[in-house]
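# Architecture and fold: a report
Listed below, chain by chain, are the residues.
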Amino acid sequence: MIAKALLIVHRREGMEAMKKIAVLTSGGDAPGMNAAVRAVVRKAIFEKVEVVGVYQGYEGLIEGEFERLELGSVGDIIQRGGTILRSARCPEFQTEEGRLKALEHLKEEGIEGVVVIGGDGSFRGAQELAKLGIPVVGVPATIDNDIQGTEFTIGFDSALNTVVEAIDKIRDTASSHERTFIVEVMGRDAGDLALWAGLGGGAESILIPEDPIQVSDIIDRLKKGTERGKMHSIIVVAEGVMSASDLSIILKHEGGIKARVSVLGHMQRGGSPSARDRVIASRYGARAVEVLLEGKKETAVGMRNHRVVDYPLQEVFEGERVLDETMLKLSKELSI
Ligand code: ADP
Ligand code: F6P
């Protein structure tokens, strides 16, 4: 009881300290980024903290593209895909010169902390900003779901639903025409989207960067399926393994198998966020503001066992992110 009371006092003390924060979205956009921006703005205003929106990620920090955000600035955006703050990949922020320009603008504006909504690249940028003395908190948002320390990133669930819906549609025509289809999904280094979508969409084979299965295995599976009377098949390949068109050429060359190709592309990043992403984004965004107000300097927020947690930003970059082996095993067991 006493410990709890002390915790509340500590938080209030911190809350009185910070008066102005900034929020930006960076890297590849993800459905739910808007819901996170909304939560940051509303929670900050609730705590009597001024919020400034930075346009186009780190580019906006360097160029000083700031705008004060009010409660109404984030009205009617919870359901919208993309990001009202826009996003960018900004090579200049990877230079010291670029970062010093950003620091100058932050100081001029009197900004005392920054919420960075983005993927692991954006988190690296946040780390660099923290080195310059600006407290930062990273809110994980990427359809790749590849940020260490959190079970879910904002945007993953929406993209997953988009991919599964696409697979369902492809399955209809695959079944009518008794065809094999290869569906290429996003994920240069991370296979979560392909794995979850393959499992949720009932794919026969799933190729992900973390588990490079042999093409001969896929051919075996397809041939065994045909022998059992299976007339159509879906193969899901993450773009980081190889392109769907390269895979179709290999299947034809090595197994005499003709496969149609479907590349889902950037439609995976668009669209209205799922209810789950909106809720996660709201929780992460609000927690990010609390974390800054508690006086933490270099933190990430995330989800573990259904609870929102915060942890040192550095942990995102320690060790290798491990794929859920049980998912991989299950996908193979169910697609025999
Ligand atoms: P994501 O955040 O989706 O992973 P990127 O990897 O493209 O997307 O990173 C987004 C931006 O973060 C980059 O364009 C760059 O401005 C910044 N960034 C990435 N890595 C670094 C780094 N090592 N130092 C400073 N800034 C970085
Ligand atoms: O990081 C998100 C992501 O969508 C990856 O899955 C994909 O490889 C990459 O971004 C595509 O980036 P761009 O839109 O810059 O081509």
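Residues numbered from 1 in each chain as written. Chains lettered and ligands numbered in written order. Predicted model: local features only at pLDDT ≥ 70, side-chain atom pairs only at ≥ 80, totals over all residues. Heavy atoms only, no water.

### Brief notes about the packing of helix α6 (residues 156–177) against helix α7 (residues 192–201)
Heads up, the condition is: Axis definition: a line fitted to C-alpha atoms, limited for helices to the stretch in contact. Angles are taken between N-to-C directions and run from 0 to 180 degrees. Going along the chain from the N terminus, every DSSP run of H or I of four or more residues is numbered as a helix, and every run of E of two or more is numbered as a strand. Reported orientations rely on four angle classes, namely roughly parallel under 35 degrees, roughly antiparallel over 145, roughly perpendicular from 65 to 115, and oblique for the rest. Each crossing gets its hand from how the near helix is turned against the far one by less than a right angle, where anticlockwise is left-handed and clockwise is right-handed. Contact between two residues is taken to exist if any of their heavy atoms lie within 4.5 Å; hydrogens are not considered. Each residue is assigned to one of three groups, with Ala, Val, Leu, Ile, Met, Phe, Trp, Tyr, Cys and Pro labelled nonpolar, Asp, Glu, Lys and Arg labelled charged, and all others, Gly among them, labelled polar.
Two elements in contact, α6 and α7, have axes separated by 9 Å at closest approach and are oriented at 45 degrees. Our classification of the angle between α6 and α7 gives oblique. Both α6 and α7 take part in a crossing whose hand is right-handed. On α7, the residues touching Phe156, Ala159, Leu160, Val163, Val164, Ile167 and Arg171 of α6 are Asp192, Leu193, Trp196, Ala197, Gly200 and Gly201. Among the residues making up the contact of α6 with α7, the classes are represented as 9 nonpolar, 2 polar and 2 charged.

### Thoughts on the domain arrangement of the chain
Stated formally: Domain start and stop points were drawn from an automatic or database domain assignment. Buried area is a sum: the accessible area each of two parts loses on coming together, probed at 1.4 Å, counted once for each and added. Any carboxyl oxygen of Asp or Glu within 4 Å of a side-chain nitrogen of Lys or Arg constitutes a salt bridge here. Pairs of N or O atoms are called polar contacts if they sit within 3.5 Å, as long as, within protein, a hydrogen donor faces a hydrogen acceptor (for residues adjacent in sequence, only side-chain-to-side-chain pairs).
We note that the domain assignment places domain 1 (2–155 + 273–317) and domain 2 (157–269) within the chain. Together, the buried faces of domain 1 and domain 2 total about 1,100 Å²; carbon and sulfur atoms form 50% of this surface. On the domain 1 side of the interface with domain 2, the three residues burying the most area are Asp29, Ile143 and Asp144, jointly 41% of the side's total. For the pair domain 1 and domain 2, the number of links is 1 salt bridge. Two residues, Asp29 and Arg269, come together in a salt bridge whose shortest N-O distance is 2.7 Å. Connecting domain 1 to domain 2 are 9 residue pairs in polar contact (both at pLDDT 80 or more). Tallied by class, residues from the side of domain 1 that touches domain 2 come to 4 nonpolar, 4 polar and 6 charged.

### Brief notes about the side chain of Asp211
Keep this limit in mind: For every residue, the accessible area obtained with a 1.4 Å probe (protein chains only) is divided by the maximum for its type, and the residue is called buried under 20%, exposed over 50%, and partly exposed between those limits.
Among the structural elements, Asp211 can be located in the loop between β7 (205–207) and α8 (215–227). For Asp211, a relative accessible area of 17% puts it in the buried group. A distance of 2.9 Å separates a polar atom in the side chain of Asp211 from a polar atom in the side chain of Lys332. Residue contacts for Asp211: discarding those within four places in its chain leaves Leu328 and Lys332.

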